[in-house]
Amino acid sequence: QVQLVESGGGLVQAGGSLRLSCAASGRTFSNYAMAWFRQAPGKEREFVATITSSGGSTYYADSVKGRFTISRDNNAKNTVYLQMNSLKPEDSAVYYCAAGLALYKYAFWGQGTQVTVSS
């Protein structure tokens with residue numbers, strides 16, 4: 001099992017920035033690809049960004065490309081981050097962290113953190 005705990009959500013004005021964190025425990029963090037998803041009210045959960053186990057490659061949804069950056073610390077912190085810049089009201093959602101032994105095959109999920117962007 002991998003336990004994931006997100007933090008860093010909150011209320012921000014349009015154009016502002018937030019950094020989300022997801023702390024992992026329970027297994028060897030560096031073995032897992034990590035990802036961020038989000039779900040807005042009344043909508044399906046959607047992919048935001050992912051990073052390979054080594055951190056060498058990242059992939060983004062078109063809607064966040066150029067504004068969001070995913071990164072990870074495979075050393076003492078065992079944490080994945082999502083730096084979100086130039087936020088828009090449509091970025092408002094609950095953001096979830098996920099982990100898997102392969103890209104796009106995520107078996108473990110966090111509880112989510114709320115991000116609200118006001119116009």
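Provided above is the structure to which this section pertains.
Since the model is a prediction, treat every value here as computed from it, not as a measurement.

Draft legend 1. Summary view of the overall build of the protein. Check the secondary structure of the protein and you find zero helices and 11 strands. Secondary structure elements of the protein, listed N to C terminal, follow the sequence β-β-β-β-β-β-β-β-β-β-β. Its C-alpha atoms give the protein a radius of gyration of 13 Å, within 12% of the compact-globule value 14 Å for 119 residues. For the protein, the spread of C-alpha atoms along the three principal axes comes to 40 × 25 × 25 Å.

Draft legend 2. Region of interest: the state of the cysteines. For the structure shown, the criterion picks out one disulfide. Put simply, cysteine 22 and cysteine 97 are joined by a disulfide, and their sulfur atoms are 2.1 Å apart. Between cysteine 22 and cysteine 97, the S-S dihedral sits near -80°, and the bridge is therefore left-handed. Here cysteine 97 lies in strand β9 (residues 93-100) and cysteine 22 lies in strand β3 (residues 18-25), a separation of 75 residues in the sequence. Residue cysteine 97 is classed as buried on the basis of its relative accessible area of 0%.

Draft legend 3. Molecular detail of the pattern of salt bridges. In this structure the tally under the stated criterion is four salt bridges. Through salt bridges with shared partners, a single network forms among Arg38, Glu46, Arg67 and Asp91.

Draft legend 4. A look at the sheet that holds strand β1 (residues 3-7). The sheet built from four strands is open, its strands ordered β1-β3-β8-β7 with antiparallel pairing. A single partner strand is all that each edge strand has here, and the edge strands are β1 and β7 (68-73). On average, adjacent strands in this sheet sit at an angle of 15° to one another, irrespective of strand direction. Pairing of β7 with strand β8 (residues 79-84) involves six bridges; the strand directions are antiparallel. Its bridge partner lying in β8, threonine 69 is registered against glutamine 83.

Draft legend 5. Unusual backbone geometry, seen in detail. A positive phi angle, near 45°, is found at asparagine 78, a position not held by glycine. Mapped onto the elements, asparagine 78 comes out in the loop between β7 and β8. In this structure asparagine 78 comes out as partly exposed when scored by relative accessible area, which is 22%. The backbone phi angle of serine 86 is positive, close to 50°, even though this residue is not glycine. For serine 86, the position within the fold is in the loop between β8 and β9. Serine 86 gets classed as partly exposed once you look at its relative accessible area, which sits at 41%.

Draft legend 6. Looking closely at the packing of aromatic side chains. All told, the structure shown has six aromatic pairs when counted by the stated rule. An aromatic cluster is built from Phe37, Phe47, Tyr104, Tyr106 and Trp109, whose rings are joined through pairwise contacts. Directly above the aromatic system of tryptophan 109 lies the positively charged group of arginine 45, at a separation of 4.8 Å from the ring centroid. A cation sits over an aromatic face here: arginine 72 above phenylalanine 29, 4.3 Å from the ring centre.

Draft legend 7. Just the environment of phenylalanine 29, in detail. Mapped onto the fold, phenylalanine 29 is located in the loop between β3 and β4 (33-39). For the pair phenylalanine 29 and serine 54, spaced 25 residues apart in sequence, the C-alpha separation works out to 9.8 Å. The residues contacting phenylalanine 29, other than those within four sequence positions of it, are Ala24, Met34, Arg72, Asp73, Asn74, Asn78, Thr79 and Val80.

The rules behind these values
- Residues numbered from 1 in each chain as written.
- Predicted model: local features only at pLDDT ≥ 70, side-chain atom pairs only at ≥ 80, totals over all residues.
- Heavy atoms only, no water.
- Helix = DSSP H or I, 4+ residues; strand = E, 2+ residues; numbered from the N terminus.
- Rg over C-alpha atoms; globule rule 2.2 N^0.38 Å.
- Disulfide = S-S within 2.5 Å.
- Buried < 20%, exposed > 50% of the residue type's maximum accessible area, 1.4 Å probe, protein only.
- Salt bridge = Lys/Arg side-chain N within 4 Å of Asp/Glu carboxyl O.
- Pairing = 2+ DSSP bridges.
- Axes fitted to C-alpha atoms, helices over the stretch in contact; angles between N-to-C directions.
- Phe/Tyr/Trp six-rings, centres within 6.5 Å; stacked < 30°, edge-to-face > 60°.
- Lys NZ or Arg CZ within 6 Å of the ring centre and 35° of its normal.
- Contact = heavy atoms within 4.5 Å.

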